[in-house]
Amino acid sequence: MSLTFTLDPAVTPALRDGILDLWTDVSNAGGAVGFVAPVERETIRPELVKHFAAMADGRTRLLVGHDAEGQVAAAAFLTFNTHRLMTHWLWLYTVMVHPRHQGKGYGRDLLGAAADAARGIDGIEAIRLTCRGGLGLERFYGSCGYKEVGRIPDAIRVAPGDDRDDVIMLLPLR
């Protein structure tokens, strides 16, 4: 069974808690979404609030996937560029699929839904994202049509002595 995706859902307490739980569970399962396990919900909450504030300002849009039980199972944030020379592409941030749903093709579905959403935004010609090297994420994104366009060696410090590349990926939409 596939996920049901919604762009710009109403931010209810249930949605907020679902995304917070998703982000916590993904992080604690080793997902590269801005935190290192172990992490608690309250550590993640301020970052989620920043995303919600950007949504309220119209700078970010939320794409969320619900499973058959109605639980938040996947999410990503599409963020517009504010630089006047870069408004033709947007960022895809915090791309997450719940660990209980991984291996079902939902990550590919989420990226497809994000690309469809971006194509529906006037003037957007590409999606850009970054991912943490050393986890094979660039191969996954590459299999979804993204191309590696840059790499900054050792830019992400996961732990002392554990530095990872910051890999820049691009998906042309035209």
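Attention here is on the structure that accompanies the text. (Residues numbered from 1 in each chain as written. Predicted model: local features only at pLDDT ≥ 70, side-chain atom pairs only at ≥ 80, totals over all residues. Heavy atoms only, no water.)

## Observations regarding the environment of glycine 30
Here's step 1: Among the structural elements, glycine 30 can be located in the loop between helix 1 (13-28) and helix 2 (41-56).
Here's step 2: By relative accessible area, which is 45% here, glycine 30 ends up partly exposed.
Here's step 3: Separated by 105 residues in the primary sequence, glycine 30 and leucine 135 place their C-alpha atoms 9.6 Å from one another. (Helix = DSSP H or I, 4+ residues; strand = E, 2+ residues; numbered from the N terminus. Buried < 20%, exposed > 50% of the residue type's maximum accessible area, 1.4 Å probe, protein only.)

## Here we look at the sheet that holds strand 7 (residues 162-172)
Within a sheet, adjacent strands bond to each other through the backbone by hydrogen bonds, running parallel or antiparallel.
Here's step 1: Spatially, the seven strands line up as an open sheet ordered 1-2-3-4-5-7-6, and their pairing is mixed. On the outer flanks of this sheet lie strand 1 (4-7) and strand 6 (147-159), each paired with one strand and no other. Neighbour to neighbour, the strand axes of the sheet diverge by 25 degrees on average, direction disregarded.
Here's step 2: Two elements, strand 5 (residues 126-132) and strand 7, share seven bridges in a ladder whose sense is antiparallel. Residue arginine 132 lies in a different strand from strand 7, and its bridge partner there is aspartate 166. (Pairing = 2+ DSSP bridges. Axes fitted to C-alpha atoms, helices over the stretch in contact; angles between N-to-C directions.)

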